[in-house]
Amino acid sequence: LHPGLHEVPLREEGAQMTVPRTLYHGAPAGFLDSILEHGLLKGTAERANFEGFKHDTTGCVFLAETEKDARFFGVASAMEQHGPTLDFVVLIVDSLKARIAGVPIGEPEGELDPKAFSGRQFIACGDIPPEAIVGFKKISSESGRKGVKEEFYTFRPGEKPRLVR
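Rules used throughout
- Residues numbered from 1 in each chain as written.
- Predicted model: local features only at pLDDT ≥ 70, side-chain atom pairs only at ≥ 80, totals over all residues.
- Heavy atoms only, no water.
- Helix = DSSP H or I, 4+ residues; strand = E, 2+ residues; numbered from the N terminus.
- Polar contact = N/O pair within 3.5 Å; in protein donor to acceptor, adjacent residues only side chain to side chain.
- Contact = heavy atoms within 4.5 Å.
- Buried < 20%, exposed > 50% of the residue type's maximum accessible area, 1.4 Å probe, protein only.
- Pairing = 2+ DSSP bridges.
- Phe/Tyr/Trp six-rings, centres within 6.5 Å; stacked < 30°, edge-to-face > 60°.

Enquirer: I'm lost on the side chain of H25 in this one. Help?
Expert: Topologically, H25 is positioned in strand β3 (residues 22-28). Polar contacts involving the side chain of H25 include one to the main-chain carbonyl oxygen of F62, which spans 2.6 Å. Setting aside residues up to four positions removed in sequence, H25 forms contacts with L40, V61, F62, L63, A70, V89, V90 and L91.

Enquirer: Honestly, the pairing of strand β4 (residues 61-64) in this entry has me stumped. Any pointers?
Expert: Side-chain direction in a regular strand flips from residue to residue, so the side chains alternate between the two faces of the sheet. The alternating pattern of β4 places V61 and L63 on one face and F62 and A64 on the opposite face, and all of these are buried. By the bridge criterion, four bridges tie β4 to strand β7 (residues 121-124) in an arrangement that is antiparallel. Bridging from a neighbouring strand, L63 pairs with F122 of β7.

Enquirer: Explain the pairing of β7 here, please?
Expert: The two faces of β7 match: Q121 and I123 on one face and F122 and A124 on the other face are all buried. Sheet topology places strand β6 (residues 105-106) next to β7; two bridges connect them, and they run antiparallel. By the bridge assignment, G106 is partnered in β7 with I123.

Enquirer: How should I be thinking about the packing of aromatic side chains in this particular structure?
Expert: Here the distance between the centres and the angle between the planes together describe a pair of aromatic rings. Per the stated rule, a full pass over the model turns up one aromatic pair. When the centroid spacing of 4.8 Å and the interplanar angle of 15° are considered together, the rings of F136 and Y153 count as stacked. Within this pair, whereas F136 is found in strand β8 (residues 133-141), its partner Y153 is found in strand β9 (residues 148-154), the two being separated by 17 residues in sequence. One exposure class covers both F136 and Y153, and it is buried.

Interpretation in functional terms is not warranted from these geometric data alone.
Here it is as structure tokens:
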């Protein structure tokens, strides 16, 4: 879990479902400025990144329980948008702040390939506001060098992101 965050129970239709306080979303790095200004905007059928999830993702934002799984979608989204690249971000979302802002969070109906995706997945059925994004990791390939560069930032709306490491 992200430091200082914990799991918060969520009740839906009488059933108990635990939504982690910290959730992750992978996206192409080129979208970062817009995301930090406007938040994570819900998907449309035209913008669905993964054909099999058009039904689940239309009107929703896809979230992962683990950073590893969000990385999978960050890489896939970046490659779909910009070709073979490793320039993407993993956003850290505080699910309690999102729900306080009126964004319902639940589990999707679709199933993902367990070889690529090991954790639980969630959908937020509404735009996640910037105040629910508490940080992000920027992952990029360094030109002319093997490997990738990772930077971790904290974020508060109205302030410049702070590099932590």
